[in-house]
Amino acid sequence: MTATDAKKDSTEPTPWHLSGNNAPVFDEATVTELEVRGAIPPELNGRYFRNGANPQTGVSEHWFLGDGMIHGVELAGGRANWYRNRYVRTPCYAQPGKGRMELMLDPETFAIDYNVSVANTHLIAHAGRILALEEGALPYELSPTLDTVGPWNFDGKLTTAMTAHPKVCPETGELLFFGYGFLEPYLTYHRADAQGRLVQSTEITVGGPTMHHDFAVSRNHTVFMDLPMVFDMELAMLGTMPIKWSDDYPARFGIMPRAGSDADVRWFDVEPCYVFHTLNAHDEGDTVVVRGCRMPEVWRDGSAMEPGEGDPDPASMPRMHEWRFDLATGRVSERYLDDESSDFPRLAERDAGRPARYGYAMGMAAFAGGAGRIFKYDFADGTKSVHAFADGQSPAESTFVAAADGTQPDDGWLMTYVYDAGRDTSHLAILDASNLAADPVAEVQLPRRVPSGFHGSWIPDPA
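Let us look at the structure shown here.

Rules behind the numbers
- Residues numbered from 1 in each chain as written.
- Predicted model: local features only at pLDDT ≥ 70, side-chain atom pairs only at ≥ 80, totals over all residues.
- Heavy atoms only, no water.
- Phe/Tyr/Trp six-rings, centres within 6.5 Å; stacked < 30°, edge-to-face > 60°.
- Helix = DSSP H or I, 4+ residues; strand = E, 2+ residues; numbered from the N terminus.
- Buried < 20%, exposed > 50% of the residue type's maximum accessible area, 1.4 Å probe, protein only.
- Pairing = 2+ DSSP bridges.
- Axes fitted to C-alpha atoms, helices over the stretch in contact; angles between N-to-C directions.

For the structure shown, the criterion picks out 21 aromatic pairs. Both rings, one in Phe 64 and one in Phe 276, keep their centres 6.1 Å apart while their planes meet at 85 degrees; by these two values the pair is edge-to-face. Within this pair, whereas Phe 64 is found in the loop between strand S3 (46–53) and strand S4 (68–76), its partner Phe 276 is found in strand S20 (residues 274–284), the two being separated by 212 residues in sequence. A single burial state applies to Phe 64 and to Phe 276, both of which are buried. One aromatic cluster in this structure is built from Trp 16, Trp 63, Phe 64, Tyr 274, Phe 276, Trp 299 and Phe 454.

Below, the discussion takes up the pairing of S20. Consecutive residues of a regular strand have side chains that alternate between opposite faces of the sheet. Burial runs high along S20: ten of the eleven residues are buried. With nine bridges connecting them, S20 and strand S21 (residues 287–295) associate as antiparallel partners. Considered in S21, the bridge of His 277 is made with Cys 293. Remark: two residues form the turn of the hairpin made by S20 and S21, two consecutive strands paired antiparallel; Gly 285 in that turn has positive phi of roughly 65 degrees.

Here the focus is the sheet that holds S3. Working definition: the strands of a sheet are paired by backbone hydrogen bonds and lie parallel or antiparallel to each other. Pairing is antiparallel in the open sheet, where five strands are placed in the order S1-S5-S4-S3-S33. The strands lining the two open edges of the sheet, one partner per strand, are strand S1 (30–31) and strand S33 (456–460). Bridge analysis of S3 against S33 gives five bridges, and the strand direction is antiparallel. Of the residues in S33, the one forming a bridge with Arg 47 is Ile 459.

As a further point, take the pairing of strand S5 (residues 79–87). In terms of burial, S5 is largely enclosed, as seven of its nine residues are buried. Bridge count between S1 and S5: two bridges; the pairing is antiparallel. Considered in S5, the bridge of Val 31 is made with Tyr 83. Two elements, S4 and S5, share eight bridges in a ladder whose sense is antiparallel. What sits directly across from Val 73, in S5, is Tyr 83. Counting the residues in the hairpin turn of S4 and S5 gives two residues, including Gly 77, whose phi is positive at 55 degrees.

A separate point is the sheet that holds strand S25 (residues 358–363). What the four strands build is an open sheet, ordered S24-S25-S26-S27; its pairing is antiparallel. The strands lining the two open edges of the sheet, one partner per strand, are strand S24 (342–346) and strand S27 (383–388). With strand direction ignored, the average angle separating the axes of adjacent strands in the sheet is 30 degrees. Sheet analysis places S24 next to S25, joined by three bridges and oriented antiparallel.

As C-alpha cells, then:
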C-alpha cells in the first residue's frame, strides 16, 4: 500500500511529503540476511537507528506530523546482523486518524497530556536508555531491538515537553535540553546528570509562544533561539502545523551560563531568520560562537515546505552560518559560511561545545530531486569537501562515528541511509570522513526503501 493508494478516492494530488521516497511504508520487517558491498570496519559494533514521520493511515497534513518509525541496522565484527523497522507505540499510533489536540488537551482545564506523542523526529541514547523524541511531548523509551517500552518522564520530574535536539556534554555526561509550549511557561530549560537524574528545570522568559526547534550549548553557556515562528491556535485546531512566520516578533538569541537562571540570560538581537538545526557552539574568550543552518524566513504563506522543481534557490534555503556574540561589548556579528544550501548538520559528539574543526551536513539540492551530496566543512581553513552520490541516489542526515584508534579529528566514518530511485531500495552507506570524496567503505543493502526521514544516532555496544 502506498500513500497514493490511501487517497485513491480523492481528486486532490498526493502532497509531496507523501510522494516518492517521502511516501510511508506500512509493514514492520526483520531481515537477517543482508548483502554487504565493500567491507564494514570491524570495530563498528552497535546499531544505527534513524527516526522519521511515517503515517500509518497513509495520510498526514504535514511532513512533521506522521507516526514515528525507526529504521535500524545492527553491525558487529564486520557483519550486518539485521535490519529492523518499527513504529513507536504512542497514543497517536494507538488511535490512528484522531486529532492530536483532541488527544492531548483537556478542553475544560487546558491541561496537556505530554504522553501524547508521535515520537517521530530523533533518537538518542543516554544513561542506559534509548529515547525516541519529538518536541511536543515526553520522550519514548525503546529497547535495543526497537520495541516500545513507554514514555519516560525522568521519574516524574519532567513536567514539560522535551526537545528533539538535546545535547550531551562530552566532559560531564550531562543531558541538556528544553521544552516549549503554546501555553505558559513558553520555554523551560532542563539538565539531567550523567545518570539520567533531572537536576535542573528553569523557566526562561520569552516574548510569546514560538517554535524552539533547536538550541546550542558551549562548554560554559547555553544558547536559546527566540525566533519569529509563532503558534497559531486556529491552525492547531485544523490539525495542521500550528506555526507561522511573524514580521512583528523580534529575532534574538539568549545566552546564559549552563547552570544559570532566567535572570542570567542575556538577549542579543539578530537579523530575522529561522534556524531548524544548529551544528555547535563554542567559547572564544568572552565571545560565544554559534554555527548552524540559517533560513531568512520560513512558513510565511503556509507550512507546506513544497520543494518545487529543480535545485532550490540557496538564498531562500538553509545555509551554514556563523553568529559571534561578544559578551564583553554586547556586539553581534554574523556571516554565511557557504554559498550552497545545506541542513541536517552533525559533528563528532566528542567535539560538542568545543571549537570543532569539522562539521558535516546534507546538501539540500537533493531535497528537490537534485544531486545527492554530503558536505564536510573545515572551519580551520574555510574549505569544503563533498561526497557526491551516484545519479538517482539521495542521502539522508549523516552521523559521524569516531575511529577507535584515530589520531586526527576527522578519523572516523559517516553513516547515512541512501535511497536509490533506480532500484526503489535503500542502503546504509559508510563513508570515510577523512577522505569524503572516496567511494563508500561499505554499503549495507536493505530489502526495501527507507523513506526520507529526520534524525538518528549510532549507538555503540557498551565497552
